[in-house]
Amino acid sequence: MISLHGTSFLNNAGISGPSSLFSYKLNKLPPASVKATALGPNSDRNISVLIENNDTLKEIRQDGTSSAADVDSDLTVAGGDLEAYNENASTEDQLVTPWAVSVASGYSLLRDPHHNKGLAFTEKERDAHYLRGLLPPTVISQELQEKKLMYSIRKYQVPLQKYMAMMDLQETNERLFYKLLIDNVEELLPVVYTPTVGKACQKYGSIFRRPQGLFISLKEKGKIHEILRNWPQKNIQVIVVTDGERILGLGDLGCQGMGIPVGKLSLYTALGGVRPSACLPVTIDVGTNNEKLLKDEFYIGLRQRRATGQEYAELMHEFMTAVKQNYGEKVLIQFEDFANHNAFDLLAKYSTTHLVFNDDIQGTASVVLAGLVAALKVVGGTLADHRFLFLGAGEAGTGIAELIALEISKQTNMPLEEARKKISLVDSKGLIVNSRIGSLQHFKKPWAHDREPVKKLVDAVNVIKPTVLIGTSGVGRTFTKEVVEAMAALNDKPIIFSLSNPTSQSECTAEEAYKWSKGRAIFASGSPFDPVEYKGRVFASGQANNAYIFPGFGLGLIMSGAIRVHDDMLLAASEALAAQVTQESLDKGLIYPPFKNIRKISAHIAANVADKAYELGLATHQPRPKDLVKYAESCMYSPAYRSYR
Ligand SMILES: NC(=O)C1=CN([C@@H]2O[C@H](COP(=O)(O)OP(=O)(O)OC[C@H]3O[C@@H](n4cnc5c(N)ncnc54)[C@H](OP(=O)(O)O)[C@@H]3O)[C@@H](O)[C@H]2O)C=CC1
Ligand SMILES: CC(=O)C(=O)O
Ligand SMILES: [Mg+2]
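Residues numbered from 1 in each chain as written. Chains lettered and ligands numbered in written order. Predicted model: local features only at pLDDT ≥ 70, side-chain atom pairs only at ≥ 80, totals over all residues. Heavy atoms only, no water.

J.: Help me get a handle on the overall build of the protein, residues and values and all.
T.: The helix and strand tally for the protein stands at 30 helices and 16 strands. Here the protein holds 645 residues, and the buried ones make up 58% of them. Once local pairs closer than 6 in sequence are excluded, the contacts in the protein between residues at least 24 apart make up 72%. Just so you have it, the protein exposes about 26,400 Å², and 52% of that area is on carbon and sulfur atoms. (Helix = DSSP H or I, 4+ residues; strand = E, 2+ residues; numbered from the N terminus. Buried < 20%, exposed > 50% of the residue type's maximum accessible area, 1.4 Å probe, protein only. Contact = heavy atoms within 4.5 Å. Areas by Shrake-Rupley, 256 points an atom, 1.4 Å probe, with all protein chains shown as cover.)

J.: Report on the pattern of salt bridges, specifying residues and quantitative values.
T.: Where charged atoms of side chains with opposite charge meet at close range, the side chains can pair. Following the criterion strictly, the structure yields 29 salt bridges and no others. A salt bridge links Glu-329 to Arg-564; the shortest N-O distance between them is 3.1 Å. Taken together, the positions of Glu-329 in the loop between helix H18 (309–327) and strand E6 (332–335) and Arg-564 in the loop between helix H26 (550–560) and helix H27 (567–579) put the pair 235 residues apart, joining distant regions of the chain. Since its relative accessible area comes to 33%, Glu-329 is described here as partly exposed. (Salt bridge = Lys/Arg side-chain N within 4 Å of Asp/Glu carboxyl O.)

J.: Now, about the site of ligand 2: what can you tell me, with residues and values included?
T.: The full set of residues close to ligand 2 is Tyr-193, Arg-246, Leu-248, Lys-264, Glu-336, Asp-337, Asp-359, Asp-360, Asn-501, Asn-545 and Asn-546. Residue Asp-360 places a side-chain N or O atom 3.0 Å away from an oxygen atom belonging to ligand 2. In this structure, an oxygen atom belonging to ligand 2 sits 3.0 Å away from a side-chain N or O atom of Asn-546. In isolation ligand 2 has 220 Å² of accessible area, and contact with the protein removes 91% of it. A breakdown of the residues in the shell around ligand 2 according to their chemical character gives two nonpolar, three polar and six charged. (Near = heavy atom within 4 Å. Polar contact = N/O pair within 3.5 Å; in protein donor to acceptor, adjacent residues only side chain to side chain. Nonpolar A, V, L, I, M, F, W, Y, C, P; charged D, E, K, R; others polar.)

J.: Account for the coordination of the magnesium ion (ligand 3), naming residues and giving values.
T.: Protein-derived coordination of the magnesium ion (ligand 3) comes from Glu-336 (OE), Asp-337 (OD) and Asp-360 (OD), at a distance range of 2.1 Å. Between consecutive donors of the magnesium ion (ligand 3), the numbers of intervening residues give the motif E-D-x22-D. When sorted by exposure, Glu-336 lands in the same class as Asp-337, which is buried. (Donors = N, O, S within 2.8 Å, 3.2 Å for Na, K, Ca; no water.)

J.: Tell me about the packing of H18 against helix H19 (residues 340–350), and name the residues and values.
T.: Running from N to C, H18 and H19 point in directions that differ by 45 degrees, and their axes come no closer than 12 Å. By the angle class used here, H18 and H19 are oblique. In this structure, the crossing between H18 and H19 has a hand that is right-handed. On H19, the residues that touch Tyr-312, Met-316, His-317 and Met-320 of H18 are Asn-342, Leu-346, Lys-349 and Tyr-350. Of the residues belonging to the contact of H18 with H19, the class tally is five nonpolar, two polar and one charged. (Axes fitted to C-alpha atoms, helices over the stretch in contact; angles between N-to-C directions. Parallel < 35°, antiparallel > 145°, perpendicular 65-115°, else oblique. Left-handed = near helix turned anticlockwise from the far one by under 90°.)

J.: Lay out the site of ligand 1 with the relevant residues and their values.
T.: By nearness alone, 27 residues border ligand 1, and Arg-246, Asn-340, Ala-393, Ser-428 and Lys-444 come closest of all. The contact in question runs from a nitrogen atom of ligand 1 to an N or O atom on the backbone of Ala-544, over 2.9 Å. One nitrogen or oxygen atom from the main chain of Asn-546 is found 2.9 Å from an oxygen atom belonging to ligand 1. With the chains in place, 83% of the 920 Å² that ligand 1 exposes on its own is no longer accessible. Contributions of two or more residues to the shell around ligand 1 are made by helix H20 (359–379) and helix H21 (395–412). Split into classes, the residues belonging to the shell around ligand 1 amount to seven nonpolar, 15 polar and five charged.

J.: Could you give an account of the sheet that holds strand E7 (residues 355–358), with specific residues and numbers?
T.: One open sheet accounts for five strands, arranged E3-E5-E4-E6-E7; its pairing is parallel. Across the chains shown, the open sheet's two edge strands, defined by having one partner strand only, are strand E3 (214–217) and E7. Each strand axis lies, on average, 25 degrees off the axis of its neighbour in the sheet, ignoring direction. Each of E6 and E7 touches H20; the most contacted strand, E7, lies at about 70 degrees to it. (Pairing = 2+ DSSP bridges.)

J.: Any details on helix H11 (residues 174–183)? Residues and values, ideally.
T.: Across the ten residues of H11, eight count as buried, placing the element largely inside the fold. Among all positions in H11, only Glu-174, Arg-175, Leu-176, Phe-177, Tyr-178, Lys-179, Leu-180 and Leu-181 are buried. Where the residues of H11 are buried, they touch helix H9 (142–155), helix H10 (159–172), helix H12 (185–192) and helix H16 (259–270).

J.: Which residues make up H20, and what values go with them?
T.: Here H20 is 21 residues long and its end C-alpha atoms lie 28 Å apart, about the 30 Å a rise of 1.5 Å per residue gives. Within H20, 17 of the 21 residues are buried, which leaves the element mostly enclosed by the surrounding structure. Near the N-terminus of H20, the side chain that reaches the backbone nitrogen of Asp-360, with its oxygen 2.8 Å away, is that of Asn-358. Once H20 finishes, Gly-380 follows within two positions and takes phi at roughly 95 degrees, a positive value. (Expected span 1.5 Å × (residues − 1).)

J.: Just give me the short version of the nonpolar core, but keep the residues and values in it.
T.: One finds Phe-497 and Phe-553 to be the most contacted residues of the largest nonpolar core, which totals 120 residues. No other element matches the ten residues that helix H29 (residues 598–615) contributes to this core. (Core = buried A, V, L, I, M, F, W, Y, C linked by side-chain atoms within 4.5 Å.)

J.: Can you explain the packing of aromatic side chains? Please cite residues and give values.
T.: Applying the stated rule across the entire model yields 13 aromatic pairs. Judged by centre distance (6.2 Å) and plane angle (45 degrees), the rings of Phe-121 and Tyr-644 are tilted. Linking Phe-121 in the loop between helix H7 (106–110) and helix H8 (123–128) with Tyr-644 in the segment after helix H30 (628–635), this pair joins segments that are 523 residues apart in sequence. Across this residue pair, the class does not change: Phe-121 and Tyr-644 are buried. Ring geometry for Tyr-178 versus Tyr-637: centroids 5.8 Å apart, planes at 80 degrees, classification edge-to-face. In this pair, Tyr-178 is assigned in helix H11 and Tyr-637 in the segment after H30, connecting sequence segments 459 residues apart. Each of the two residues, Tyr-178 as well as Tyr-637, counts as buried. Aromatic ring contacts, followed pair by pair, group Tyr-514, Phe-523, Phe-529, Tyr-534 and Phe-539 into a single cluster. (Phe/Tyr/Trp six-rings, centres within 6.5 Å; stacked < 30°, edge-to-face > 60°.)

Okay, structure coming up:
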């Protein structure tokens, strides 16, 4: 017997058995907590008592696969072992130790999401691992399991139900979860990612079952190094971290933003092939300024307004330092959905000491540049021949603008400052112009051109006469009929990106873009839209989402052992993605390749990124593999079940 700690304890509290192999569990626990005891094996009853003694865990169980009534009925059978442990209800205010039997087989194996195969355990495995009687007699293949699950997921009408079914699967049978996601990526991406993940974050407090990822709050200040050690996996390669302040275009969702790192890391595995055990989702909880959440009795985060200034910076610094101490120089830290007043500073501060990447600033830039390069094959001209107008001058907007300017400057040898003049941005106060320079945030200043102030987007369109219009405002329906018509009046084939997520925040819908431009727009959006029929023609639009980039980008960094991210790697990723767009796709108006080929696409992105890392002397994995695409493919995680001896 050993005592239950950390995630094993939580897995058990969620009605599951111990989560992992015995040897692994011994490795995970600090030596002092591994104790031998002659007590009886009826550990589940004991766990029930522990649940009763721990409010958080009680809630998990009540919300999870078992009900409060189950907990109570477990308690009514108290006696026997429970008496022996002295842990029954009459002693409930005494401290107890979370004892449980931890074995690699039988009931525990079925409840270990990393090793569970459900009905796919073979006859031999059922004999060897004490599974007889714990499963119905039939043995089925992983393919049949997949078919059955897809059938039941498709029956749900509400996307959030599909999301919850997928999360349940991830928590019970990880390989099957990834098999479904990889094989049905176009269908399930909108379920585990935008737009549904946005809804999930908004409702996280009430749909919360088992905690996923690592929550680091202000309460953990001074202890982050130890807290990272509570995470069961030691060989972490990618961390996606958020502080929940700008979740998609939905604003401050505080601690409930955890859905985003969890979702992004699922894509790291499904789309980029990074092992799930090497991925760590983290939410830094410094409070929330969302009044609704602060008043919500089911809110799961710190019930206080956001810490700022030194208090915020110190917690983040402790986290960044602890990550490097725990996982070394080569762990990739992806910043996700931070508000822009922190995002740019964090990226600048840590880009010289850590392997950091801001997905919203850099990943988005890379994906949009790729889409533009592909669109130019339809529209004609070089990047430098075009004029770009953005609605939204935050992380995504200025990040994209800067990468476009960098690429123009590289292609033409034009100074960067000159290239920037081809790009204009509108924020909530209107066009960014020189006369506003004194009050602009630092990341907007390079975009303050010598122009007259303009308040409305449609007026900016008419003044600037852009060939490309990009929405990164986080505000839905801001590309009005007037705006799209103005773009269509100026251009034979106006290029329009509505990047804001989720769907509710998209600057316009695909239908609006095609209808108002009379079928002439080249359109892509951050969240997916179904194909649209206009005047007897079907228009399919691309999904301009950083999900095309970050999984392959991260894989490229990992496989080359890169120690820093460089802008040229973003250009390399972009180039690889654009190269995957076929003439057949372009003919259909698609400026991105289909997601069903994403693993191949990610391998090409990874190879280009790794190649750049070697070229720049930033790669530590030596010698450089000869064929980087093949190497990337060979590194990718497969969700097929492993055979157990
Ligand atoms: N498709 C993709 O891959 C990605 C999409 N996004 C989406 O982009 C959106 C913005 O993200 P991000 O750049 O990080 O957010 P930021 O908060 O950094 O930037 C938002 C910008 O929009 C401006 N804005 C807000 N309301 C209006 C309005 N009514 N009219 C004009 N401008 C307005 C803000 O102006 P001000 O500065 O004056 O406040 C700010 O400049 C989100 O919806 C996000 O989901 C983000 C990353 C990737
Ligand atoms: C896609 C993404 O990263 C966002 O909307 O924030
Ligand atoms: Mg994001």
